[in-house]
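Each chain, letter by letter, is given below.
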Amino acid sequence: NTMLNIIRPHEPSSLTSYRQQPDAKYDGPLFTPVKSDIREALVISQGYLCAYCMQRISNDRSTTKIEHWQCQHTYSQRQLDFTNMFAVCQGTTQDQLHCDSSKGKQKITIDPASRSQLVESYIRYTNSGEIYVQDNDLLNNELNKILNLNHSRIKNNRQAVLKAVTTQLSKYRGTVSKSELQGLLSKWSSIDAENKKIPYSAVAIFYLKNKLLKAS
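Just so you know, these numbers come straight off a predicted model, no measurement behind them. (Residues numbered from 1 in each chain as written. Predicted model: local features only at pLDDT ≥ 70, side-chain atom pairs only at ≥ 80, totals over all residues. Heavy atoms only, no water.)

Q: Which parts of the structure should I look at to understand the overall build of the chain?
A: Each helix and strand counted, the chain has eight helices and six strands in total. Its helices and strands taken in sequence order, the chain reads α-α-β-β-β-β-α-α-β-β-α-α-α-α from the N to the C terminus. Judged by the C-alpha coordinates and their principal axes, the chain covers about 65 × 35 × 35 Å. Counting over 216 residues, the chain shows a buried share of 46%. (Helix = DSSP H or I, 4+ residues; strand = E, 2+ residues; numbered from the N terminus. Buried < 20%, exposed > 50% of the residue type's maximum accessible area, 1.4 Å probe, protein only.)

Q: It is not clear to me how the nonpolar core should be interpreted in this structure. Could you clarify?
A: Note on soluble globular proteins: their nonpolar side chains tend to be buried together. Membership of the largest hydrophobic core comes to 63 residues, with the highest contact counts inside it found for Met3, Ile38, Tyr52, Ile123 and Leu149. Within the residue set of this core, elements represented by two or more residues are helix H1 (13–19), helix H2 (32–45), strand E2 (85–88), helix H4 (119–122), helix H5 (137–146), helix H6 (152–170), helix H7 (178–189) and helix H8 (201–215). By residue number, the principal contributor to this core is H8, which donates eight residues. (Core = buried A, V, L, I, M, F, W, Y, C linked by side-chain atoms within 4.5 Å.)

Q: Which parts of the structure should I look at to understand the packing of aromatic side chains?
A: In this description, a pair of aromatic rings is defined by centroid distance and the angle of the planes. As enumerated under the stated definition, the model contains four aromatic pairs in all. With a centroid separation of 5.0 Å and an interplanar angle of 55 degrees, the aromatic rings of Tyr18 and Phe31 are classed as tilted. One end of the pair, Tyr18, is in helix H1; the other, Phe31, is in the loop between H1 and H2, and 13 residues separate them in sequence. Given a relative accessible area of 3%, Tyr18 falls into the buried group. A connected cluster of aromatic rings, assembled from ring pairs, spans Tyr18, Tyr26 and Phe31. One cation-aromatic arrangement involves Arg8 over Phe86; the distance from NZ or CZ to the ring centre is 4.4 Å. Across from the ring centre of Tyr48, 5.3 Å away, lies the NZ or CZ of Lys196, which sits over that ring. (Phe/Tyr/Trp six-rings, centres within 6.5 Å; stacked < 30°, edge-to-face > 60°. Lys NZ or Arg CZ within 6 Å of the ring centre and 35° of its normal.)

Q: What should I look at first to understand the pattern of salt bridges in this one?
A: Opposite charge on two side chains lets them pair, provided their charged atoms get close. Scanning the model with the defined rule gives seven salt bridges in all. Between Lys35 and Asp27 there is a salt bridge; the shortest N-O distance is 3.0 Å. Measuring nitrogen to oxygen at the nearest pair gives 3.2 Å for the salt bridge that ties Asp100 to Lys65. Placement of Asp100 in helix H3 (residues 100–103) and of Lys65 in strand E1 (residues 65–68) is noted, with a sequence separation of 35 residues between them. (Salt bridge = Lys/Arg side-chain N within 4 Å of Asp/Glu carboxyl O.)

Q: It is not clear to me how the packing of H7 against H8 should be interpreted in this structure. Could you clarify?
A: The packing of two helices is summarised by the inter-axis angle and the distance between the axes. Where H7 meets H8, the axes come as close as 9 Å, and the angle between the chain directions of the two elements is 165 degrees. Between H7 and H8, the angle is such that the two are roughly antiparallel. In terms of crossing hand, the pair formed by H7 and H8 is left-handed. Contacts between H7 and H8 pair Lys178, Leu181, Gln182, Leu184, Leu185, Trp188 and Ser189 from the former with Ser201, Ala204, Ile205, Leu208, Lys209, Lys211, Leu212 and Ala215 from the latter. Residue composition of the contact of H7 with H8, grouped by class: nine nonpolar, three polar and three charged. (Axes fitted to C-alpha atoms, helices over the stretch in contact; angles between N-to-C directions. Parallel < 35°, antiparallel > 145°, perpendicular 65-115°, else oblique. Left-handed = near helix turned anticlockwise from the far one by under 90°. Contact = heavy atoms within 4.5 Å. Nonpolar A, V, L, I, M, F, W, Y, C, P; charged D, E, K, R; others polar.)

Q: Before we go on, may I ask you to explain the pairing of E2 in this structure?
A: In summary, the side chains of a regular strand alternate between the two faces of the sheet. Residues Met85 and Ala87 of E2 are buried on one face, and the alternating residues Phe86 and Val88, pointing to the opposite face, are buried as well. Pairing of E1 with E2, which is carried by four bridges, proceeds in the antiparallel orientation. Residue Ile66 lies in a different strand from E2, and its bridge partner there is Ala87. (Pairing = 2+ DSSP bridges.)

Q: Before we go on, may I ask you to explain the environment of Ser17 in this structure?
A: Looking at the element boundaries, Ser17 is found in helix H1. A C-alpha to C-alpha distance of 43 Å links Ser17 and Asn156, two positions 139 residues apart in sequence.

As structure tokens, this is what we get:
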């Protein structure tokens, strides 16, 4: 969710029914209520965070888009495949495109909902909030060029989260214990009463997991 592993919910029953209609297509007649159900299911499953940049999104069609991971243009047979969809932000910041808006029809291999290659196992962050994959030009091109996830504003937001974590750690006296690190990790991994995760929390989770590894 950049990036946390996303666990997909079951597809909305309205989509299952809609797909059985002859000539059913995405954004076809009678699709509006189905689209609304899809958006709601995706937004909730993602903890109200954009699948790519992890900024806050809401269950609102004016601010949140449904993205086809394999684009509808090239993979028309997947246009109604729920496992091909993510909820994403509008993808424009300071007149620059990112996330789905910069991706367009380009292919990517990074899949936040992959069960075989979990994004949390290979996505990394620098102390300045930059997202990267070690020694992998293909994936770094997807992060930087196709998804533009090191846009200065996004990077600054991640850096602010890191600063918040290091500030929390500085309040402990002496060496921070494993249980204290575990407690902080639980806080940053938490979901609130409205099912919302913390924006850009993946960078905090990555940092604290590394601290825990070094502490053991």
